[in-house]
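What follows is each chain in one-letter form.
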Amino acid sequence: MDILPQFKDSIRYELAKQKIDQHFAHWINLQATKSLVEKLIEDCKNPNSNSLHPNPLFTNRLSGSFSQNPNSPRRSSLTPPLSPPTNYENRLSQTTTHSLPADHSLFQTKNPQTLAEPSKPGPNIPQFYYPRGKPIDPVLSDKNLKIIATCFVKDNLKLIEFENITTQLCGLPKYLNQKVFTSAGGGETLSKSQFIKYWKSELESKTPFERFFTVIKKPNKQYIDRDDFRPILKTLMDSHPGLDFLKATPEFQDRYADTVIERIFYAVDANDDGKITMRELKRSNLYDICLAVDEEEDINKIRDYFSYEHFYVLYCRFWEIDTDHDFIIDKDDFSRYEGHTLSRKANDRIFEQIPRQFNCDKPGKMAYNDFIWFMLSEEDKGSKRSLSYWFKIVDLDNNGIITAYEMEYFYEEQLRRLEYLNQEAVPFKDVLCQMSDMLCPKVENQFTLADFYLKKSISGVFFNALLNLNKFIAYEQRDPFSQKKEISENPDFSDWDRFAMTEYIRLAMEEENAESNEVLDEEWDSDHD
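As recorded by an unreviewed UniProt entry, the chain carries the name EF-hand domain-containing protein and is attributed to Stentor coeruleus.

**Here we look at the overall build of the chain**
Within the chain one finds 26 helices and 6 strands. Counting across all 529 residues of the chain, residues that qualify as buried make up 39%. Within the chain, contacts between residues separated by at least 24 positions form 61% of all contacts whose residues are at least 6 apart in sequence. Only carbon and sulfur atoms are counted for the fraction: they give 52% of the accessible area of the chain, which is about 30500 Å².

**Quick word on the state of the cysteines**
Using the criterion set out here, one finds 0 disulfides in the structure. Free of any disulfide, Cys151 has its nearest neighbouring cysteine sulfur in Cys170, separated by 9.5 Å. A relative accessible area of 14% places Cys151 in the buried class.

**Observations regarding the packing of aromatic side chains**
Counted under the stated rule, the structure contains 44 aromatic pairs. Centre to centre, the rings of Phe252 and Tyr315 are 5.4 Å apart; their planes meet at 70°, and the pair counts as edge-to-face. You can see Phe252 sitting in helix H12 (residues 250–268) and its partner Tyr315 sitting in helix H15 (residues 308–321), a full 63 residues away along the chain. What makes Phe252 partly exposed here is its relative accessible area of 27%. Residues Tyr315 and Trp319 carry aromatic rings whose centres are separated by 5.9 Å and whose planes lie at 15° to one another, so their mutual orientation is stacked. Of this pair, Tyr315 and Trp319 both sit in helix H15, 4 residues apart, which is roughly one turn of the helix. Trp319 sits in the partly exposed class, given a relative accessible area of 36%. One Lys or Arg, Arg255, reaches over the ring of Phe327 and ends 3.7 Å from the middle of that ring. Its end group placed over the ring of Tyr223, Lys275 keeps NZ or CZ at 4.8 Å from the ring centre.

**Some remarks on the nonpolar core**
With 111 residues, the main nonpolar core has Phe195, Phe229, Tyr256, Phe306, Ile350, Phe374 and Phe462 as its most contacted residues. Leaving out residues up to four positions away in the same chain, Ile350 has contacts with Phe334, Leu342, Pro355, Phe358, Met366, Phe374, Tyr389, Trp390 and Ile393.

Thresholds, definitions, all that
- Residues numbered from 1 in each chain as written.
- Predicted model: local features only at pLDDT ≥ 70, side-chain atom pairs only at ≥ 80, totals over all residues.
- Heavy atoms only, no water.
- Helix = DSSP H or I, 4+ residues; strand = E, 2+ residues; numbered from the N terminus.
- Buried < 20%, exposed > 50% of the residue type's maximum accessible area, 1.4 Å probe, protein only.
- Contact = heavy atoms within 4.5 Å.
- Areas by Shrake-Rupley, 256 points an atom, 1.4 Å probe, with all protein chains shown as cover.
- Disulfide = S-S within 2.5 Å.
- Phe/Tyr/Trp six-rings, centres within 6.5 Å; stacked < 30°, edge-to-face > 60°.
- Lys NZ or Arg CZ within 6 Å of the ring centre and 35° of its normal.
- Core = buried A, V, L, I, M, F, W, Y, C linked by side-chain atoms within 4.5 Å.

The structure is reproduced here in structure tokens:
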């Protein structure tokens, strides 16, 4: 499968990046580096200066210039020519011994002060890279200690008394209170000295965002995995007023937690390797959303990740096609999604795990977590994750280009289905022309992922035309005015947000009608007893 090389490449990239960061951290903190930078700045201010760099060997290693010819046009005007660095010490020894008098210095000049001191004092460049975190400002440190002293009105605090430390001092959501408490060594209580030790070593030098990452992940890891979120979500469901009703149904608490976690990894885990790094977290809105959840009592107003209504839609859709309700579906079950809307070829490619590997324990089966990724991609084709998902399905030879041949391969099934339903059969050449006009690929009739990223708002039409019959028919019969009205009513909604809102209303109405019918049946039965 083509996913394995990509997976290995991502690992190699992360390892190489970490190694480069380590080397850079070491290099940037060398005294020779600081001296070199200061001298370079000074030389830029004085272009006619004849002074030498403080470390010519180091400079030449950086520039890669080892020319021995003083007349070479490639010779730097600021640094003397040097031999290769491996022979530098030997050559220096030989030159000093044989070419110069015993009382003569190699670097002696008519004006010894030229090398000893620059003509002007060099600029004082402050350190800007701190591998272990930027040192804390003493004033801010004193302020933080005062907050700690105020919160620790007694030497030992219980968990419920610790909340102000988590929110006011650490800048974290209050449902991380228990995680901070236990991470600092708390049991039934936490002493002031215990917390100060943890605060000084782990959190003080970090920003609230970095503390968020540090607190959630395991201490010996440099990433967040799925299990790291489970205790936090358990605390959230036990404490958030918008989820209070879930306490009566523990099984749905677990499903809600699974859904939130998968939605987080769908949006944040760029490599789909089950690991969220600091870099990936910074590129997401997860920290801000978690703070918003802390302030908002209506959980459904937080559409990203945490909405219960969105969970309800995902769960019900899966439940509808999981006929035996074992939370695993096969290809036949999956094909019933939204009334067999996807083509057979699309179903085959998904269950061949071309767009994404399944996490189900049973081979050839799709679990609920896998279904979440599919449905988020299906109902919102405007995100990069979704576009990549569907692009892989249509890109038969996995060469990064969708050609007219590959498009026709999928569209021929759509054409037969249109004819079977007595719908107007749009010829493939017209579809190809329309898609080219919409996406404007750089090479005619060759569509790359970059072409879709540039037109994300309309890219979904391309894949619906090839793979999704119901949505393709709906697009051909659309009312552009009503579509614009829907967008104008909720301009900040994504396609997924609009779908989930509409679908939740439909499911809620069906539930209410079912309950009403049950009441009528009971009344009918009681009247005829």
